[in-house]
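Each chain, letter by letter, is given below.
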Amino acid sequence: HLQLAIQHEYGAIVQYSQHAGLFLAEDQNLKAFYESIIFNEVEHAILLSSLVRQRGKSPTLAVWPPENLPGGQARLKADLEAERGAIALYHKMLTLPYRPEEKEIIKKILKAEEQHYRAFSRKLERWSKNK
């Protein structure tokens with residue numbers, strides 16, 4: 001599951017980077033929003049890669065398939081869905097037999113993903129009201 005989580009983080013980085021660039025023409029304020037979330041996703045990928053390496057394996061370079069959709073509302077919905085998927089994955093990982101220190105890292109990442117979900121929910125709500 002660690003490798004799958006890394007793939008998910010890489011996919012989020014690619015998807016959110018693309019969406020940030022697309023939003024520049026529509027809403028300049030979303031650039032900083034996406035940059036902060038992308039930074040978090042990079043941190044998550046580094047932490048997960050470190051856990052895989054500690055287990056004597058090589059972290060994957062595979063990427064969970066990112067989505068690139070037309071229109072701001074569709075992009076925000078896709079990003080919200082990506083966060084929902086990450087939350088489900090990390091909840092599942094917490095039920096598996098990881099070492100306590102690994103579970104602490106997974107809990108930390110889960111908390112951040114839940115914050116991202118709430119942030120995307122708020123952005124989608126505001127976007128929907130303004131469009």
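Here we take up the overall build of the protein chain. Along the protein chain, the regular secondary structure elements total four helices and zero strands. The N-to-C order of helical and strand elements in the protein chain reads α-α-α-α. Radius of gyration (C-alpha) of the protein chain: 15 Å, near the 14 Å computed for a compact globule of 131 residues. Principal axes of the C-alpha set define a box for the protein chain whose edges measure 50 × 25 × 20 Å. Put simply, the protein chain has 131 residues, and 40% of those count as buried. A sequence separation of at least 24 residues applies to 82% of the contacts in the protein chain between residues at least 6 apart. Accessible surface, the protein chain: about 7,200 Å² in total, of which carbon and sulfur atoms supply 57%. Computed over 19 positive and 16 negative side-chain charges, the inter-centroid distance for the protein chain is 3 Å.

What tends to happen in soluble globular proteins is that the nonpolar side chains get buried as a cluster. Of all hydrophobic cores here, the largest spans 35 residues; its most connected members are Tyr16, Tyr34, Tyr90, Met93 and Phe120. At the level of elements, helix 1 (2-23), helix 2 (29-54), helix 3 (72-94) and helix 4 (100-130) are the ones that each hand at least two residues to this core. Not counting chain neighbours up to four residues away, the residues in contact with Tyr34 comprise Tyr16, His19, Ala20, Phe23, Leu76, Asp79 and Phe120.

Conventions used here
Residues numbered from 1 in each chain as written. Predicted model: local features only at pLDDT ≥ 70, side-chain atom pairs only at ≥ 80, totals over all residues. Heavy atoms only, no water. Helix = DSSP H or I, 4+ residues; strand = E, 2+ residues; numbered from the N terminus. Rg over C-alpha atoms; globule rule 2.2 N^0.38 Å. Buried < 20%, exposed > 50% of the residue type's maximum accessible area, 1.4 Å probe, protein only. Contact = heavy atoms within 4.5 Å. Areas by Shrake-Rupley, 256 points an atom, 1.4 Å probe, with all protein chains shown as cover. Lys, Arg positive; Asp, Glu negative; His and termini not counted. Charge placed at Lys NZ, Arg CZ, Asp CG, Glu CD. Core = buried A, V, L, I, M, F, W, Y, C linked by side-chain atoms within 4.5 Å.

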